[in-house]
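The residues making up each chain are set out below.
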Amino acid sequence: MASYLGLAGVCGGIAVAAWRLHGRRLRRAEAARALESHMVEGIAALRQSLREELPDADEDGPLIDAEPLSGALTHQAAPPVLHCAAFGLGFGAKIVLDDLSFTVPAQGVCVLMGPAGTGKSTLLRALAGLYAENALYKSWGEVFYQGLKLGATKPPVLVAPRPDLLRRSLLESLLFHRDSSLPAAARRGWAAGWVREMGMEALIPLFDQPLLELPPGLRRATMILREAAAGPKLLMLDEPTSAMSDADAQMLLGLLRRLGARGALLVVLQSQKQAREIADSLVLLAGGDRQAAGRVRGLYHRPPQPAGGGLEAGAALTLSGTAAQPSATAPRCSSPPLSGAG
């Protein structure tokens with residue numbers, strides 16, 4: 001946690017330095033030199049902190065691998081489910097994210113981290129298409145989902161509460177996206193099989209209880225299972241363990257691990273400890289830009305575990321470019337459009 005707070009402080013310094021140096025979007029070359037000096041210090045501190053926590057990490061290779069993420073993608077068994085290239089977004093004159101490039105593999109848990117206020121939640125909502133009716137919203141760059149430009153097909157699914165389901169039963173919530181023409185017994189049988197497969201058998205005796213009466217952890221698990229049941233190619237979650245007890249957080253992390261074994265997840269987390277437990281890949285945002293992204297290697301290595309089992313500690317960031325800046329060959333965004341969504 002100390003390492004994360006230290007990195008958050010450095011990243012905060014980056015934003016202040018960038019603002020003082022060039023106000024609003026002046027020459028990027030000058031900004032890059034200033035940001036580089038701060039990020040070199042921040043990444044070095046993070047490396048040292050991780051080595052202190054896991055002194056044997058270097059046995060499996062360098063703690064921070066400078067292999068560009070774009071190159072790493074050639075080793076994946078399947079093309080990424082999501083690819084952002086020089087993507088940016090804002091509202092009116094305010095720019096929230098700029099020149100953001102990263103990918104989400106077709107399977108596994110990709111964790112999105114960064115200090116508060118860096119645009120993580122806004123990014124998820126934009127990818128889910130929730131700003132389409134906002135007249136102030138604008139975006140630039142490119143986002144490809146399932147190989148097509150975002151918007152050409154159904155967008156990724158963002159798990160969110162549905163107030164209209166709170167007074168309905170747990171079973172009705174689980175079946176929300178399922179075929180309602182099937183016999184009741186068949187639908188109930190499917191729901192029981194689904195929760196068993198996901199290691200959530202504890203929900204079966206509660207099928208007929210109103211969702212509102214469930215404990216917070218089980219209510220959140222039901223919400224995740226409801227959206228996952230629809231089979232989206234990418235399921236997105238914004239701080240799913242927030243305000244949860246340690247026991248409930250571990251239950252939810254176990255559920256996310258099992259879902260990640262079936263498909264792709266993009267999950268915002270604030271806890272490095274929790275990220276180490278579930279991350280297969282990681283994207284670090286700071287100052288409105290991606291600072292590091294890549295596959296999680298030895299430090300986050302996870303041997304096969306039974307449902308609810310523990311994990312071996314471990315993981316490392318894979319950087320893209322010098323001093324955690326985008327690589328020189330990455331597509332760049334010269335300036336945002338004056339209006340409209342890209």
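Residues numbered from 1 in each chain as written. Predicted model: local features only at pLDDT ≥ 70, side-chain atom pairs only at ≥ 80, totals over all residues. Heavy atoms only, no water.

## Structural notes on the side chain of T241
Moving on, step 1. Relative to the helices and strands, T241 is located in the loop between β7 (234-238) and α8 (246-260).
Moving on, step 2. When near neighbours in sequence (up to four residues on either side) are disregarded, T241 contacts R220, A249, L252, L253, L269 and Q274. (Helix = DSSP H or I, 4+ residues; strand = E, 2+ residues; numbered from the N terminus. Contact = heavy atoms within 4.5 Å.)

## Focus: the pairing of strand β8 (residues 264-268)
Moving on, step 1. Taking burial as the measure, the 5 residues of β8 include 5 buried ones, the bulk of the element.
Moving on, step 2. Inspection of the sheet shows strand β3 (residues 108-113) paired to β8 by 5 bridges, in the parallel sense. Within β8, the residue paired with G108 across the bridge is A264.
Moving on, step 3. In this sheet, β8 lies alongside β7 in parallel orientation, the contact comprising 5 bridges. In the strand pairing of β8, L235 is matched with L265.
Moving on, step 4. The handedness of the β7 to β8 crossover, carried by α8, is right-handed. (Buried < 20%, exposed > 50% of the residue type's maximum accessible area, 1.4 Å probe, protein only. Pairing = 2+ DSSP bridges. Right-handed = clockwise from strand over helix to strand, strands pointing away.)

## Here's the deal with the packing of helix α7 (residues 216-228) against α8
Moving on, step 1. Taken N-terminus to C-terminus, the directions of α7 and α8 make an angle of 15 degrees; their axes are 9 Å apart at the nearest point. One element, α7, and the other, α8, form an angle in the roughly parallel class. Read as a crossing pair, α7 and α8 show a hand that is right-handed. Residues G217, L218, R220, A221, I224, L225 and A228 of α7 lie in contact with α8, whose contacting residues are D248, M251, L252, L255, L256 and L259. (Axes fitted to C-alpha atoms, helices over the stretch in contact; angles between N-to-C directions. Parallel < 35°, antiparallel > 145°, perpendicular 65-115°, else oblique. Left-handed = near helix turned anticlockwise from the far one by under 90°.)

## A word on helix α4 (residues 120-127)
Moving on, step 1. Most of α4 is tucked away: 6 of the 8 residues are buried.
Moving on, step 2. Here α4 has its buried residues at K120, T122, L123, L124, A126 and L127.

## As for the pattern of salt bridges
Moving on, step 1. Per the stated rule, a full pass over the model turns up 8 salt bridges.
Moving on, step 2. Residue R168 is joined to E172 by a salt bridge in which the shortest nitrogen-to-oxygen separation is 3.8 Å.
Moving on, step 3. Look at R168 and you get partly exposed, because its relative accessible area is 35%.
Moving on, step 4. With a closest N to O distance of 4.0 Å, R257 and E277 form a salt bridge. (Salt bridge = Lys/Arg side-chain N within 4 Å of Asp/Glu carboxyl O.)

## Details of the nonpolar core
Moving on, step 1. Membership of the largest hydrophobic core comes to 43 residues, with the highest contact counts inside it found for M200, F207, I224, L225 and L259.
Moving on, step 2. In contact with F207, not counting residues within four places along its chain, are S169, L170, L171, L174, R188, A191, A192 and V195.
Moving on, step 3. One finds L82, L112, Y131 and L158 within the second-largest nonpolar core, a separate group that totals 29 residues. (Core = buried A, V, L, I, M, F, W, Y, C linked by side-chain atoms within 4.5 Å.)

## Overview of the environment of A286
Moving on, step 1. Mapped onto the secondary structure, A286 falls in strand β9 (residues 281-286).
Moving on, step 2. A286 sits in the buried class, given a relative accessible area of 0%.
Moving on, step 3. In this structure, the C-alpha to C-alpha distance between A286 and L97, residues 189 residues apart in sequence, is 9.5 Å.

## Digging into the packing of aromatic side chains
Moving on, step 1. Taken as a whole and assessed by the stated rule, the structure comprises 4 aromatic pairs.
Moving on, step 2. Consider the rings of F91 and Y137, whose centres lie 5.6 Å apart with planes at 55 degrees: the pair is tilted. You can see F91 sitting in strand β1 (residues 82-91) and its partner Y137 sitting in strand β4 (residues 137-145), a full 46 residues away along the chain.
Moving on, step 3. Cluster of aromatic residues (ring-pair linked, three or more members): F91, Y131 and Y137.
Moving on, step 4. Taking NZ or CZ as reference, R178 lies 4.1 Å from the ring centre of W190, over its face. (Phe/Tyr/Trp six-rings, centres within 6.5 Å; stacked < 30°, edge-to-face > 60°. Lys NZ or Arg CZ within 6 Å of the ring centre and 35° of its normal.)

## Considerations on the sheet that holds β4
Moving on, step 1. One open sheet holds the 4 strands; their spatial order is β2-β1-β4-β5, and the pairing between them is antiparallel. This sheet does not close on itself; its edge strands, each paired only once, are β2 (94-104) and β5 (148-149).
Moving on, step 2. Relative to β5, β4 runs antiparallel, the two sharing 2 bridges. Bridge pairing in β5 links Y145 to L148.
Moving on, step 3. Its contacts with the sheet place α4 against β1, β2 and β4, and it is angled at close to 110 degrees to β1.

Remember that the coordinates give geometry; whether it matters functionally is a separate question.
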